[in-house]
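# Observations on chain architecture
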Amino acid sequence: KQEVTQIPAALSVPEGENLVLNCSFTDSAIYNLQWFRQDPGKGLTSLLLIQSSQREQTSGRLNASLDKSSGRSTLYIAASQPGDSATYLCAVRLNQAGTALIFGKGTTLSVSS
Amino acid sequence: DAGVIQSPRHEVTEMGQEVTLRCKPISGHDYLFWYRQTMMRGLELLIYFNNNVPIDDSGMPEDRFSAKMPNASFSTLKIQPSEPRDSAVYFCASSLGGGGTEAFFGQGTRLTVV
């Protein structure tokens, strides 16, 4: 059974710092991996989608990497800002078209000014 | 497109009452997913549909839960009778095509059963 783990559960950093959020999954046979952001009381906003054949994806200050063989993904946030404060979730889709996402429990990030 | 639309945003009901949550997926999307989020268990898949047909309902907790998708633009999740342990945020998501595409989530329905 695929399990997704995110460490740390919470992270506090000062504004301007570069940071890395970690995601690991137990079964390397994934179809793709998606990073989401969730603000308190809100829905999920998709940040980046990495296909299993890709190594990384970039969007603005965000860079996500994928190492399927080791079952790991990282989300790198450059020059963090208070507006980046949110919970970041990673989710994997199994190696089968159309299956649903399996989520980690997220990392709650707090960026202080 | 307005994105995935869920209603109501908040629902407070008494134990034993029937609750119906509604979802309108993004137009043209052929996959629809229902998730439940709690502090203890995080986000869990309840059921998903492809072209209005339920594909996997193994996450539906018990017979009190049922979901339908009568057409491509509407789905419901019903709980009857509701219990306090059903209190959670319920999310609907949709995607176009198979597993290679992004899933887009609605704002969720916060359900409180007292």
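For the structure itself, consult the block above.
What you see is a predicted model, and the numbers here were worked out from it, not measured in a lab.

Conventions used here
Residues numbered from 1 in each chain as written. Chains lettered and ligands numbered in written order. Predicted model: local features only at pLDDT ≥ 70, side-chain atom pairs only at ≥ 80, totals over all residues. Heavy atoms only, no water. Helix = DSSP H or I, 4+ residues; strand = E, 2+ residues; numbered from the N terminus. Buried < 20%, exposed > 50% of the residue type's maximum accessible area, 1.4 Å probe, protein only. Contact = heavy atoms within 4.5 Å. Areas by Shrake-Rupley, 256 points an atom, 1.4 Å probe, with all protein chains shown as cover. Lys, Arg positive; Asp, Glu negative; His and termini not counted. Charge placed at Lys NZ, Arg CZ, Asp CG, Glu CD. Pairing = 2+ DSSP bridges. Axes fitted to C-alpha atoms, helices over the stretch in contact; angles between N-to-C directions. Phe/Tyr/Trp six-rings, centres within 6.5 Å; stacked < 30°, edge-to-face > 60°.

### Some points on the overall build of chain B
Each helix and strand in chain B was counted, giving 0 helices and 11 strands. For chain B, the sequential pattern of α-helices and β-strands runs β-β-β-β-β-β-β-β-β-β-β. Projected onto the principal axes, the alpha-carbon positions of chain B cover approximately 40 × 30 × 25 Å. Within chain B, the proportion of its 114 residues that are buried is 46%. Excluding contacts between residues fewer than 6 apart, the proportion of contacts in chain B whose partners are at least 24 apart in sequence is 54%. When the accessible surface of chain B is summed, it comes to about 5,500 Å², and 51% of that surface belongs to carbon and sulfur atoms. Measuring between centres, the 10 positive side-chain charges of chain B sit 4 Å from its 13 negative side-chain charges.

### Here we look at the sheet that holds strand 3 (residues 19-25) of chain A
Residues and elements named next belong to chain A. If you trace the 5 strands from one edge of the open sheet to the other, you get 1-3-8-7-6, paired in antiparallel fashion. Single-partner strands in this sheet number two, and they are strand 1 (4-7) and strand 6 (56-59). Along the sheet, successive strands turn relative to each other by an average axial angle of 15°, direction set aside. With 4 bridges connecting them, strand 6 and strand 7 (residues 62-67) associate as antiparallel partners. When the bridges of strand 7 are listed, glutamate 56 appears paired with serine 65.

### Some details on the sheet that holds strand 1 (residues 5-7) of chain B
Residue and element names in this part refer to chain B. Here 4 strands make up an open sheet; going across it, the order is 1-3-8-7 and the pairing antiparallel. The outermost strands of the open sheet, each flanked by one partner alone, are strand 1 and strand 7 (65-71). For this sheet, the mean angle separating the axes of adjacent strands, direction not counted, is 15°. Pairing analysis gives 5 bridges linking strand 3 (residues 19-24) to strand 8 (residues 74-79), with the strands arranged antiparallel. Bridge assignment links cysteine 23 to a residue of strand 8, and that residue is serine 75.

### Considering the packing of aromatic side chains
All chains considered together, the criterion is met by 10 aromatic pairs over all chains. With a centroid separation of 5.8 Å and an interplanar angle of 85°, the aromatic rings of phenylalanine 103 of chain A and phenylalanine 105 of chain B are classed as edge-to-face. On the criterion of chain membership, the pair formed by phenylalanine 103 of chain A in strand 10 (residues 101-103) and phenylalanine 105 of chain B in strand 10 (residues 104-105) is interchain, its members lying in two chains. The two residues phenylalanine 103 of chain A and phenylalanine 105 of chain B agree in class, both being buried.

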